[in-house]
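Inside the fold
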Amino acid sequence: MYLQNAMTQTLKKLKTQAANMITIGNLAFGGAAIMATVNEYYSFSVLFIFIAGLLDRFDGMVARKFNLESELGKQLDSMSDIISFGIAPALLMYSLVLQNFSVAGMIITVIYIACGAFRLARFNISESNGFFTGLPITVAGVILTLSYFAIDLVPPVTFMFLFIILALLMISTFTLRKV
């Protein structure tokens, strides 16, 4: 009887943390993408960022389905997003292209990350109204990661403009309907 009761309580606790565990998975794949980039496994980095994107999509769905939305979950999701869609894609593309631009490449990379952090902070203090203000960092990070496939097709300077455009779109005030 005691064991059954303990198992029931443990399962209830796991259910209440399901969305947060998925979010931690997002963060873990973002961290793995960073480590893959540092070790020059760029294809794995791309894969890990895309997996993080899938997990990011599902954590919110799980939270809403089981009515598990919380302030902690919102903050944890933002911390995971800055790793997976701010730092990981920026480091990947910096390592492959922007480091050839020396200090300018570093500055543009840091600006992209800073704009992503600003965008997430703004999201965290705003009321949910069914709209995003500015380009979500998840979208920006996935676009930046997808640009990996264009490295051999476009001039390197194109990536500097892409970083700047994505950074500006993240901090802009246009609205997008949430889907």
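Before reading on, note that the structure itself is shown above.
Keep in mind the model is a prediction, meaning the values are calculated, not measured.

Calculation criteria
- Residues numbered from 1 in each chain as written.
- Predicted model: local features only at pLDDT ≥ 70, side-chain atom pairs only at ≥ 80, totals over all residues.
- Heavy atoms only, no water.
- Helix = DSSP H or I, 4+ residues; strand = E, 2+ residues; numbered from the N terminus.
- Buried < 20%, exposed > 50% of the residue type's maximum accessible area, 1.4 Å probe, protein only.
- Areas by Shrake-Rupley, 256 points an atom, 1.4 Å probe, with all protein chains shown as cover.
- Lys, Arg positive; Asp, Glu negative; His and termini not counted.
- Charge placed at Lys NZ, Arg CZ, Asp CG, Glu CD.
- Core = buried A, V, L, I, M, F, W, Y, C linked by side-chain atoms within 4.5 Å.
- Contact = heavy atoms within 4.5 Å.
- 1 Å grid on protein atoms, 1.4 Å probe; cavity = no way out; pocket = protein on both sides within 12 Å on 5 of 7 lines; lining within 4 Å.
- Points joined across faces, edges and corners; volume = space filled by probe spheres on them.
- Nonpolar A, V, L, I, M, F, W, Y, C, P; charged D, E, K, R; others polar.
- Phe/Tyr/Trp six-rings, centres within 6.5 Å; stacked < 30°, edge-to-face > 60°.
- Expected span 1.5 Å × (residues − 1).
- Axes fitted to C-alpha atoms, helices over the stretch in contact; angles between N-to-C directions.
- Parallel < 35°, antiparallel > 145°, perpendicular 65-115°, else oblique.
- Left-handed = near helix turned anticlockwise from the far one by under 90°.

Focus: the overall build of the chain
When you go through the chain residue by residue, the secondary structure sums to seven helices and two strands. When the helices and strands of the chain are read in sequence order from the N terminus, they spell out α-α-α-α-α-β-α-α-β. Dimensions of the chain, computed from the C-alpha atoms along their principal axes, are close to 65 × 40 × 25 Å. Counting only residues that meet the buried cut, the chain has 39% of its 179 residues in that class. As displayed, the chain offers around 10,200 Å² of accessible surface, 71% of which is attributable to carbon and sulfur atoms. Separation of charge centres in the chain, based on 11 positive and 9 negative side chains, amounts to 12 Å.

What about the nonpolar core?
Grouped together as the largest cluster of nonpolar side chains are 32 residues, with contacts concentrated most on Met-93, Leu-98, Tyr-112, Phe-163 and Met-170. At the level of elements, α2 (18-38), α3 (42-65), α4 (71-96), α5 (102-125), α6 (137-146) and α7 (157-171) are the ones that each hand at least two residues to this core. Ranked by residue count, the leading element in this core is α4, at seven residues. Residues in contact with Leu-98, not counting those within four places in the same chain, are Met-93, Gly-105, Ile-108, Thr-109, Phe-159, Met-160 and Phe-163.

Topic: the layout of surface pockets
Here the largest pocket is characterised by a volume of approximately 1,100 Å³. What lines the largest pocket is a set of 39 residues, and nearest its centre among them are Arg-64, Asp-77, Phe-123, Phe-132 and Lys-178. Secondary-structure elements contributing two or more residues to the lining of the largest pocket are α2, α3, α4, α5, β1 (131-133), α6 and β2 (175-177). If you tally residues by element for the lining of the largest pocket, the top one is α3, at seven residues. Within the lining of the largest pocket, the residues separate by chemical class into 13 nonpolar, 12 polar and 14 charged.

A few points about the packing of aromatic side chains
Scanning all chains against the criterion turns up six aromatic pairs. Consider the rings of Phe-29 and Phe-48, whose centres lie 5.8 Å apart with planes at 55°: the pair is tilted. With Phe-29 in helix α2 and Phe-48 in helix α3, this pair connects stretches of sequence that are 19 residues apart. Ring geometry for Phe-123 against Phe-132: centres 6.2 Å apart, planes inclined by 40°, an arrangement best described as tilted. For Phe-132, a relative accessible area of 22% translates into the label partly exposed.

Describing α2
Between its first and last C-alpha atoms α2 spans 30 Å; for 21 residues at 1.5 Å apiece the expected length is 30 Å, and the two agree. Those residues of α2 lying buried are Ala-18, Ala-19, Asn-20, Thr-23, Gly-25, Asn-26, Gly-30, Ala-33, Ile-34, Ala-36 and Thr-37.

Quick look at the packing of α5 against α7
At their nearest, the axes of α5 and α7 sit 8 Å apart, and the two run at 20° to each other. Considering the angle they form, α5 stands roughly parallel to α7. α5 and α7 meet at a crossing whose hand is left-handed. In this structure, α5 uses Ala-104, Ile-108, Thr-109, Ile-111, Tyr-112, Cys-115, Gly-116, Phe-118, Arg-119 and Arg-122 to contact α7, whose residues at the interface are Met-160, Phe-163, Ile-164, Leu-166, Ala-167, Met-170 and Ile-171. Of the residues belonging to the contact of α5 with α7, the class tally is 13 nonpolar, two polar and two charged.

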